[in-house]
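Residue-level structure breakdown
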Amino acid sequence: NAHKYAVKNIALNKLANKIQLFKGDAKKIVPKLVKSGQKFDRIVMPLPKQAEKFLGTAINAAKKGATVHIYSFYPEKDIGKAKQKIAAACKKAKRSCKFLKIAKVGQQGPRIWRICADFKVL
């Protein structure tokens, strides 16, 4: 359904010549796209329980200057660890990053937050 609505949104906003969507399992699709030479200028990782597992894949698929939005769950006292995990993933991929913003975007439970970390891959 998400893909169907994204296609509809692109058509309604007359952006078909600027945005390309890919439907499928990112774990399978993204490495093939990168291998064929494609890189991306914006990457959205909206699944808070699983997204961090794919940070390396996302960073490798990012163009220089690409913006990545990743969602995760963190206890309130540990929200700063999101930056540490992202920086470590960038270092492992031999890339650097610039943090734009980390925001609390919803609560999962008492003092457990869904956060969105936005960063640029350099």
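Let me sum up the structure you'll find in this document. On a predicted model such as this, the values are computed, not experimentally measured, just so you know.

Our focus in this paragraph is a positive patch on the surface. A surface patch of positive charge is lined by K27, K28, K32 and K53. The residue K28 is located in helix α2 (residues 26–35) in this model.

A complete count under the given rule lists two aromatic pairs for this structure. Relative to F40, the ring of F22 has its centre 5.9 Å away and its plane inclined at 85°; by these criteria the two rings are edge-to-face. Of this pair, F22 sits in the loop between α1 (2–12) and α2 while F40 is found in strand β1 (residues 40–45), placing the two residues 18 residues apart along the sequence. Aromatic pair F99 and F119: ring centres 6.2 Å apart, planes at 45°, arrangement tilted. Separated by 20 residues along the polypeptide, F99 in strand β3 (residues 97–109) and F119 in strand β4 (residues 112–121) bring together distant segments of the chain.

This next bit is on the side chain of D78. In this structure, D78 sits in the loop between β2 (62–75) and α4 (81–92). For D78, a relative accessible area of 15% gives the class buried. Separated by 3.3 Å, the side chains of D78 and K77 make a polar contact.

What follows concerns the side chain of R95. Considering the arrangement of structural elements, one finds R95 in the loop between α4 and β3. Although R95 is buried, it makes no salt bridge; D41 carries the closest opposite charge, 12 Å away. Here the side chain of R95 touches A62 through a polar contact of 3.1 Å, landing on its backbone oxygen. Every residue in contact with R95, bar those within four places of it in the chain, is listed here: K39, I59, A62, K63, K64, C90, V121 and L122.

Attention shifts here to a nonpolar patch on the surface. Among the surface-exposed residues, V7, I19 and L21 lie close enough to one another that they form a single nonpolar patch of about 220 Å² accessible area. Structurally, the position occupied by L21 is in the loop between α1 and α2.

As a further point, take the sheet that holds β4. An order of β1-β2-β4-β3 is seen for the four strands of this open sheet, with the pairing classed as mixed. The open sheet has two edge strands, β1 and β3, and neither has a second partner. Neighbouring strand axes in the sheet, compared pairwise and without regard to direction, differ in orientation by 15° on average. Relative to β4, β2 is paired through 10 bridges, and the arrangement is antiparallel. Opposite S72, over in β4, you have I115 as the bridge partner. In this fold α4 packs onto β2, β3 and β4, with an angle of close to 135° to the strand it touches most, β3.

Rules and cut-offs
- Residues numbered from 1 in each chain as written.
- Predicted model: local features only at pLDDT ≥ 70, side-chain atom pairs only at ≥ 80, totals over all residues.
- Heavy atoms only, no water.
- Patch = residues over 30% accessible without salt bridge, like charges linked within 9 Å, V, L, I, M, F, W, Y side chains within 5 Å.
- Areas by Shrake-Rupley, 256 points an atom, 1.4 Å probe, with all protein chains shown as cover.
- Salt bridge = Lys/Arg side-chain N within 4 Å of Asp/Glu carboxyl O.
- Lys, Arg positive; Asp, Glu negative; His and termini not counted.
- Charge placed at Lys NZ, Arg CZ, Asp CG, Glu CD.
- Helix = DSSP H or I, 4+ residues; strand = E, 2+ residues; numbered from the N terminus.
- Phe/Tyr/Trp six-rings, centres within 6.5 Å; stacked < 30°, edge-to-face > 60°.
- Buried < 20%, exposed > 50% of the residue type's maximum accessible area, 1.4 Å probe, protein only.
- Polar contact = N/O pair within 3.5 Å; in protein donor to acceptor, adjacent residues only side chain to side chain.
- Contact = heavy atoms within 4.5 Å.
- Pairing = 2+ DSSP bridges.
- Axes fitted to C-alpha atoms, helices over the stretch in contact; angles between N-to-C directions.

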